[in-house]
Structures are given as structure tokens and as C-alpha cells.
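Below are the chains, spelled out letter by letter.
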Amino acid sequence: MTNRIETALIHGAIREGYADKKGAVNVPMYLSSTFHQESIDEFGEYDYARSGNPTRAALEKAIAELEGGNRGFAFATGMAAVSACFMILSAGDHIVITEDVYGGTYRFVTKVLPRYGITHTFVDFTDTEAVKAAVRPETKLIYMETPSNPTLGITDIRAVIEIAKQHGALTFLDNTFMTPLHQKPLELGVDVVIHSATKFLSGHSDIVAGLVVTKDEALGNEIYFVQNSFGSVLGVQDCFTLIQNMKTTAVRFNEESRVAMRIAQFLHAHPLVEKVYYPGLPTHPGFEIHAAQATSAGAVLSFSLPNYDIAKAFVEAMKIPVFAVSLGGVESILSYPAKMSHAAMEPEERSKRGITDGLLRFSVGLENEDDLIEDFTQALEIANKIK
Ligand SMILES: *Cc1c(COP(=O)(O)O)cnc(C)c1O
């Protein structure tokens, strides 16, 4: 019997704990950097905690099961996960990557990788033909993020995998915005799935963490080699927190996604809002493709107000959400991409990607949905006055 994802989220990690035969229903925290060996020439499963720790192993096993892969890896942050994956590449390799990629990934690809002779081409991944045209003989990797940040662009995952296969390139996909609950990239044929577990998987704005999952054994070994060599593993106490928080991902994320749809519809109908970016709206250009590869539109939406002054008045008038970077918490989070997540991007690159001075991003939390709608209503009313 294979457990459905809601069940796997609760029970996926604890089997290791049962294996201790002490019956703890939570995975123990093995706060141990080193492990005693019984023999001089035959070492046990664990020797040193960078290479492996039982608490981390439970988390890694859990995320592998959730994504339908067979190897999971936990990293100190989402960016540690992203950069570790890039590190399986070598000098001379070329990457085709979505142009509205997460700001930190953009910084790593444009500022760090070129120093090691790894080049890239940014492409609008909503245009599959453009992806195809950007592939070169030395392209080793096609990097997707869908839905993307902050304008929720949708990549046709199956079409990109097809292109990658024809050229013998690998595919990575940042699945942060969907979680394995609503999108299973490995099942579609993606090679490596990456998460900033800081977001919905942890869900409480308490830790930073990254997760990676692979299905192919050799690829899993390569990622493990980098994880152990580079050493940016997730600490034991954060592994414990993440295991605990992941148990409620289904109830949190399903509810947040449902309310996100309602807020998106509300904003779409509001006269002051110029544009709403949410793949659950039939007006979204990626609506059909997204529906064919994911089971909800998620809990993040962006919308544009006419200009900076109106956006500023709106932000200052909103009472419930925290105004902060990040997303995926139980508290709604309002952010201003131009100065937050995408501050590392040059202004002309930002505007090319629709990240205008009036663009705001909203990550729906678990507050009462009527309270959220009322808050939006009053803040938009105030913002409208300075028009
Ligand atoms: C936050 C985020 C990251 C980076 O994760 P950190 O945990 O902040 O290092 C990567 N990709 C996406 C889509 C994100 O939202």
C-alpha cells in the first residue's frame, strides 16, 4: 500500500524513530557530530554528522517519498540547495534558465557561476520555442521554476523535458511555490527537484532550509558528493523543526490555496488593481498548462497598482499581513519585489520581467479569510484616495 501524500506528510519521517524501538512518535534529535564505531575496520551507518545524521536522514527520506524520488538531501537554506545542485556542473557547461527565476538564483547564476566557466542564457520559459532555440551543444542543464516569482509565469514542464531529452541535458525544477502536495515534477520526468523549505514546507517563518530530491541513482550520488564536500547541510534542530512543520503542510497549504483563489478573484474585480498574476485565474496566460501539471494554483499571487505612491499608501494601510520578504508562512506576507526579493536584479532586468514599481506580492496565510478581504478593501480605499 502506498500512502497518499497527506498521510506520508505525517508518517514519512518517523519510521526511523520507530526503528529505535523506543516508540517515540517524533523523530529524535540526534545532537551528535560524531558516532562511535564498534570495530576498527567496519564502520556503522553514521560516522560524522556532515556526511550523515539520523535526524537529517529521516527528513531526507520523507521528502524523497513525498516527491516520488528515492534520494532526498537537506541543506542549510534554499540557496544552499540550489547552488549545490548547480555544482554538479563543470567549466564549459551552459545553462538555459528561466528569466523570472528567484532573485538569489539569478545572483548565483550571473555572479558566481561565470567565475567557474559556467555560462547561461536567460529565456522567457512561457515560450517553449524560445527555450528550444537557446539550447546549444554544450547545454548541460535546463533550469525551471514554475510558477515563477513574482509574476507567476508558467512553464510547460513536459515540453521542456522533451527538449532536454533531445539534447541530453538535465532538468532541474524549483518546486517551492507548489510543494509536492500540488506538483510532482519527478513524475513528469524532471531530474532534480529543489525546494526552499523555508517557505510552505516549514510554513511558520521560523527556519531557513533547503531540500533536493532525485530519482536517478547516479545523479543522487553526485548531489550527495557535493552536499558532503561543500558541507552546507541542515542542522539537526532545524531538521527536527522542519519534520514537525511538514506534518501540517496539507491542511495549511490546501486552505491557503483556496483562500488565495478568492483573494485573486477579489483583486481581479477591483478597479484600482491593474493586473493580477495568479495561475488559478482563467485570464492567466498559463492557466491551462498549469492545470495540466499541478493540482492547485498555490497560495502566492501578485498584483500591480498604478504606481509607486499608490503601492506605498496601500502597503502602509494594510493591517493584517506582515510586510516582509519571504512567503509561505501561517501569517500572510505582503512583499514589494522591486526592493525585496528582486533587489539584486538590475532595474532594466526587473522591468523586462514585469516587476514594476507598483507590483506587490501576497502570500496567503491562515488568518480568517473575511478579515483578509476586509483588510484589502479598506487599504485599497485609502490607496485610491491618493490617485
Ligand atoms: C526563497 C526561495 C529560494 C531561496 O531559499 P532560501 O531558503 O531563502 O535560501 C529559492 N527559490 C524560491 C522560489 C524561493 O522562493
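That block above? That's the structure.
Residues numbered from 1 in each chain as written. Predicted model: local features only at pLDDT ≥ 70, side-chain atom pairs only at ≥ 80, totals over all residues. Heavy atoms only, no water.

**Describing the overall build of the protein chain**
If you tally the helices and strands in the protein chain, you get 16 helices and twelve strands. Here the C-alpha radius of gyration of the protein chain, 21 Å, is about what a compact globule of 387 residues would show, namely 21 Å. Principal-axis analysis of the C-alpha atoms places the extent of the protein chain at approximately 75 × 50 × 35 Å. Look at the contacts in the protein chain between residues 6 or more apart in sequence, and 71% of them connect residues 24 or more apart. About 16300 Å² of surface is accessible on the protein chain, with carbon and sulfur atoms providing 53% of the total. (Helix = DSSP H or I, 4+ residues; strand = E, 2+ residues; numbered from the N terminus. Rg over C-alpha atoms; globule rule 2.2 N^0.38 Å. Contact = heavy atoms within 4.5 Å. Areas by Shrake-Rupley, 256 points an atom, 1.4 Å probe, with all protein chains shown as cover.)

**Points about the packing of helix 3 (residues 54-67) against helix 11 (residues 236-246)**
Taken N-terminus to C-terminus, the directions of helix 3 and helix 11 make an angle of 35 degrees; their axes are 8 Å apart at the nearest point. Two packed elements cross with a definite hand, and for helix 3 against helix 11 that hand is left-handed. Residues Thr-55, Arg-56, Ala-58, Leu-59, Ile-63 and Leu-66 of helix 3 form the contact with helix 11, whose participating residues are Val-236, Cys-239, Phe-240, Leu-242, Ile-243 and Met-246. Residues belonging to the contact of helix 3 with helix 11 are distributed by class as follows: ten nonpolar, one polar and one charged. (Axes fitted to C-alpha atoms, helices over the stretch in contact; angles between N-to-C directions. Left-handed = near helix turned anticlockwise from the far one by under 90°. Nonpolar A, V, L, I, M, F, W, Y, C, P; charged D, E, K, R; others polar.)

**With respect to helix 16 (residues 369-385)**
The end-to-end C-alpha separation of helix 16 is 25 Å, in line with the 24 Å expected for 17 residues at 1.5 Å each. Listed as buried for helix 16 are Glu-369, Leu-372, Ile-373, Asp-375, Phe-376, Ala-379, Leu-380 and Ala-383. For helix 16, the angular spread of buried residues about the axis comes to 155 degrees, placing them on one side. The exposed set on the far side of helix 16, more than 90 degrees from its buried face, consists of Glu-374, Glu-381 and Lys-385. Buried positions along helix 16 lie against helix 12 (249-268), strand 9 (300-304), helix 14 (308-317) and strand 12 (359-363). With a side-chain oxygen lying 2.8 Å from the backbone nitrogen of Asp-370, the N-terminal cap of helix 16 falls on Asn-368. (Expected span 1.5 Å × (residues − 1). Buried < 20%, exposed > 50% of the residue type's maximum accessible area, 1.4 Å probe, protein only. Arc of directions from axis to C-beta. Polar contact = N/O pair within 3.5 Å; in protein donor to acceptor, adjacent residues only side chain to side chain.)

**Description of the sheet that holds strand 4 (residues 139-145)**
Neighbouring strands of a sheet are bound in pairs by backbone hydrogen bonds; such pairs are parallel or else antiparallel. The mixed open sheet is built from seven strands, whose spatial order is 1-7-6-5-4-2-3. Each edge of the open sheet is held by one strand with a lone partner, namely strand 1 (71-75) and strand 3 (119-123). Along the sheet, successive strands turn relative to each other by an average axial angle of 20 degrees, direction set aside. Bridge analysis of strand 2 (residues 94-98) against strand 4 gives four bridges, and the strand direction is parallel. Across the sheet, the residue bridging to Ile-97 is Tyr-143, located in strand 4. Relative to strand 4, helix 7 (residues 157-167) is tilted by about 175 degrees, and along the sheet it contacts strand 4 and strand 5 (170-174). (Pairing = 2+ DSSP bridges.)

Remember that the coordinates give geometry; whether it matters functionally is a separate question.
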